[in-house]
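Next come the chains, spelled out residue by residue.
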Amino acid sequence: MTNKMWGGRFSSKTDTLIEKINASIKFDYRLAMHDIDGSIAHVNMLADCSIIKKKEAKQIILGLEEIRKEILEDKFEYKIELEDIHMNIESRLTEIIGPVAGKMHTARSRNDQIATDVRLYLNETINEIIVLIKDLQKDLSQKALSNFDTIMPGYTHLQIAQPITFGHHLLSYVELFNRDKLRFLDSLERLDECPLGAAALAGTSYPIDRFLSSKALGFSKPMANSLDAVSSRDMLLETLSNLSILSVNLSRLAEEIILWVSSEFNFVCLSDNLTTGSSIMPQKRNPDGAELIRSKAGRVIGSLNTLFIVLKGLPLAYSKDLQEDKEPLFDAIDSVNLSLKVMTIIIKDIQPNKDIMLQAAKKGFAIATDIADILVQELNIPFRESHKIVGSIVAYAEKRNKNLEELDIADYKELDQRITIDLVNKISFDTIIHNKLSFGGTSPQNVNKEAKKWLKRLNV
Ligand code: ARG
């Protein structure tokens, strides 16, 4: 038998391989609830516009609600020979309510149907991602507040550069993820138009009211061009781009955590329940969660690339190529969703080894730049000159295996006669970090204020 939904002109059964390549049900089943919502809005609109009878609409909607229940209770049987979610639902509807089910597809096509389902799905999942980003921001801000004065080395070129606070470092990610959140929020605006009623590509001669069905589904208006409505997938590209940027940002934090928990750094500890062991090396505690977040970024960017390549040069309007948009989209959403949740529990758990961080900053001569600044101010000399003097101070300390705070006035005098005891007293990590009061700077005072500001903004 040919396909029940479109088999009218066919005399032989579809080849099983064609059936296999054609079927999308193994992944588009995820759109079932949105598909039912879309059908209900469509059918109500058809009845309101007197295209079908109110009684028929009621029958169809009751049937759809029954199917919704079957799906939610895991009792619905998806069939590959019915190709996709739309035809699986319509076929089951026919079983439940009989031939009146056939009226549901009046004045629509699977082309506008799938475009609508995906937009509804995007709206829901983008909102979920936004909430998850917010959760992560909250935990980062909380951890920043409890570490507003925890000193650690800040790096450039992965070489110790200047002392910063751990809180400041964490808050930099709060800012970064906030821009990710804003990108998603912004994209919701472009998502706010409904393709339903564009039909196959040309619109329809039935007297439908697209504003009505669009409103019923929560969109602010219908898409203005029927060809655009069924063929555009830029919203998926935009979402995948936003997911890619977010996953790259997550991967940078993940990488820092991987470095920090390594025995070489040993800056932070992760609890046992967040690390994994090795089957051969008994001593290992691996940060697999963070490593996988780091690598998921590759997967997400791969999904974006896949869709770019599927869409490149594809003529309007609908082509079956467009069916290939869903697996990469779902995979990217799932990856980012999980990564955000895992990153949040890692951040909540992470405990800084404060003393080790401070010692690393000291060993790495992290205050050298600040000493140069102090010399400029105290000795009234050009920065270039003080840079040179401090260079010799660092070389002197390194030779004697000391850090800069451990040098005494005699050492300093040996290097430059102009250096006084008052000046040497200013050379302390504590004083230096507290002086970083410039807007956006790392002083504990700033960090405390910023962390509290974020917690307030995030409603904690
Ligand atoms: N499963 C299809 C997709 O995901 C739905 C639209 C099919 N349309 C068609 N004319 N065959 O794109």
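All values reported here derive from a predicted model rather than from experimental measurement.

Visitor: Got a minute to help me understand the overall build of the protein chain in this structure?
Guide: The helix and strand inventory of the protein chain stands at 19 helices and six strands. Computed over the C-alpha atoms, the radius of gyration of the protein chain is 31 Å, more than 25% above the 23 Å expected from 2.2 N^0.38 for a compact globule of 460 residues. Along the first, second and third principal axes, the C-alpha atoms of the protein chain reach 100 × 50 × 40 Å. Put simply, the protein chain has 460 residues, and 51% of those count as buried. Summarising the internal contacts of the protein chain: among those between residues at least 6 apart in sequence, 76% fall at separations of at least 24. Entry remark: accessible area of the protein chain is about 22,600 Å², with carbon and sulfur atoms responsible for 54%.

Visitor: I keep staring at the environment of Phe76 and nothing clicks. Help me out?
Guide: Locating Phe76 in the fold gives a position in the loop between helix 4 (54–72) and helix 5 (85–97). Counting along the chain gives 16 residues from Phe76 to Arg92, while the straight-line C-alpha distance between them is 8.8 Å. Dropping the residues within four chain positions of it, Phe76 is found in contact with Ile67, Glu70, Ile71, Asn88, Ile89 and Arg92.

Visitor: Would you mind showing me how to read unusual backbone geometry here?
Guide: Glycine aside, a negative phi is what most residues show, and trans is what most peptide bonds show. Of note, the amide linkage connecting Leu316 to Ala317 takes the cis form, showing an omega dihedral of 0 degrees. Assignment of secondary structure puts Ala317 in the loop between helix 11 (288–311) and helix 12 (326–349). For Ser50, which is not a glycine, the phi torsion comes out positive at approximately 55 degrees. The residue Ser50 is located in the loop between helix 3 (32–48) and helix 4 in this model. Of note, Asn401 is a non-glycine position whose phi angle comes to about 55 degrees, a positive value.

Visitor: Is there a simple way to explain the pattern of salt bridges in this structure?
Guide: One side chain can pair with another of opposite charge once the charged atoms of both are near each other. What the rule picks out here adds up to 29 salt bridges. Between Arg92 and Glu95 there is a salt bridge, and its shortest N-O distance comes to 2.7 Å. On the criterion of helical spacing, the pair formed by Arg92 and Glu95 is a turn pair, its members being three residues apart in helix 5. Residue Glu450 pairs with Lys453 through a salt bridge whose shortest N-O separation is 3.1 Å.

Visitor: What exactly am I supposed to notice about the site of the ligand here?
Guide: Surveying the vicinity of the ligand reveals the residues Ser24, Asp28, Asp84, His86, Arg110, Asn111, Ile114, Tyr318, Lys320, Gln323 and Lys326. One nitrogen or oxygen atom from the side chain of Ser24 is found 3.2 Å from a nitrogen atom belonging to the ligand. Separating an oxygen atom of the ligand from a side-chain N or O atom of Lys326 is a distance of 2.8 Å. Protein chains shield 87% of the accessible area of the ligand, which is 340 Å² for the free molecule. Residues of the shell around the ligand, tallied by class, amount to two nonpolar, four polar and five charged.

Visitor: So what exactly am I meant to see when it comes to the packing of helix 10 (residues 234–261) against helix 12 here?
Guide: Any two packed helices are characterised by the angle at which their axes cross and by the distance between the axes. Close contact between helix 10 and helix 12 brings their axes to 10 Å; oriented N to C, the two are set at 30 degrees. Compared by their axis directions, helix 10 and helix 12 come out roughly parallel. Where helix 10 crosses over helix 12, the two elements pack in a sense that is left-handed. Where helix 10 approaches helix 12, its residues Leu236, Thr239, Leu240, Leu243, Leu246, Ser247, Leu250, Leu253, Ala254 and Ile257 are matched on the opposing element by Pro328, Leu329, Ala332, Ile333, Val336, Ser339, Leu340, Met343, Ile346 and Ile347. Residue composition of the contact of helix 10 with helix 12, by class: 17 nonpolar, three polar and no charged.

Visitor: Help me out: how do you make sense of the side chain of Asp35 in this one?
Guide: One can find Asp35 in helix 3. Look at Asp35: it is buried, it has no salt bridge, and the nearest opposite charge is Arg108 at 5.6 Å. Within the structure, Asp35 has its side chain in polar contact with the side chain of Gln113 (distance 3.1 Å). When neighbours within four sequence positions are excluded, Asp35 is seen to be in contact with Ile85, His86, Ile89, Gln113 and Asp117.

Visitor: Help me out: how do you make sense of helix 4 in this one?
Guide: Residues that lie three or four places apart on an α-helix share one face, since the helix turns once every 3.6 residues. Here helix 4 is 19 residues long and its end C-alpha atoms lie 27 Å apart, about the 27 Å a rise of 1.5 Å per residue gives. Within the sequence span of helix 4, burial applies to Glu56, Ala57, Ile60, Ile61, Gly63, Leu64, Ile67, Arg68, Glu70 and Ile71. On its buried face, helix 4 is in contact with helix 3 and helix 5.

Visitor: What exactly am I supposed to notice about the pairing of strand 2 (residues 159–165) here?
Guide: Walk down a regular strand and you will see the side chains alternate between the two sheet faces. Across six bridges, the pairing between strand 1 (residues 151–156) and strand 2 is antiparallel. In the sheet register, Pro153 faces strand 2, and the bridge partner there is Pro163. Taken together, strand 1 and the strand that follows it, strand 2, pair antiparallel across an intervening segment of two residues, in which His157 is found at a positive phi of about 55 degrees.

Visitor: What should I look at first to understand the side chain of Glu56 in this one?
Guide: Summarising the element assignment, Glu56 is placed in helix 4. When residues no more than four places from it in sequence are discounted, the contact partners of Glu56 are Val100 and Lys103.

Visitor: How should the environment of Leu404 be read in this particular structure?
Guide: You can see Leu404 is positioned in the loop between helix 15 (383–399) and helix 16 (409–415). Sequence-distant contacts of Leu404, defined by excluding residues within four places in its chain, comprise Phe365, Ile367, Ala368, Ile371, Ile393, Val394, Ala397, Tyr412 and Ile427.

Visitor: What should I look at first to understand the packing of helix 10 against helix 11 in this one?
Guide: For the pair helix 10 and helix 11, the least separation of the axes is 7 Å and the interaxial angle reads 160 degrees. In this view, helix 10 runs roughly antiparallel relative to helix 11, as classed from their interaxial angle. As helix 10 packs across helix 11, the resulting crossing turns out to be left-handed.

Visitor: Teacher, can you tell me more about the environment of Gly167 here?
Guide: Note that Gly167 resides in helix 7 (residues 166–190). In this structure, the C-alpha to C-alpha distance between Gly167 and Asn147, residues 20 residues apart in sequence, is 4.9 Å. Aside from chain neighbours lying at most four places away, what touches Gly167 is Ala144, Asn147 and Val447.

Cut-off values and rules
- Residues numbered from 1 in each chain as written.
- Predicted model: local features only at pLDDT ≥ 70, side-chain atom pairs only at ≥ 80, totals over all residues.
- Heavy atoms only, no water.
- Helix = DSSP H or I, 4+ residues; strand = E, 2+ residues; numbered from the N terminus.
- Rg over C-alpha atoms; globule rule 2.2 N^0.38 Å.
- Buried < 20%, exposed > 50% of the residue type's maximum accessible area, 1.4 Å probe, protein only.
- Contact = heavy atoms within 4.5 Å.
- Areas by Shrake-Rupley, 256 points an atom, 1.4 Å probe, with all protein chains shown as cover.
- Salt bridge = Lys/Arg side-chain N within 4 Å of Asp/Glu carboxyl O.
- Near = heavy atom within 4 Å.
- Polar contact = N/O pair within 3.5 Å; in protein donor to acceptor, adjacent residues only side chain to side chain.
- Nonpolar A, V, L, I, M, F, W, Y, C, P; charged D, E, K, R; others polar.
- Axes fitted to C-alpha atoms, helices over the stretch in contact; angles between N-to-C directions.
- Parallel < 35°, antiparallel > 145°, perpendicular 65-115°, else oblique.
- Left-handed = near helix turned anticlockwise from the far one by under 90°.
- Lys, Arg positive; Asp, Glu negative; His and termini not counted.
- Expected span 1.5 Å × (residues − 1).
- Pairing = 2+ DSSP bridges.

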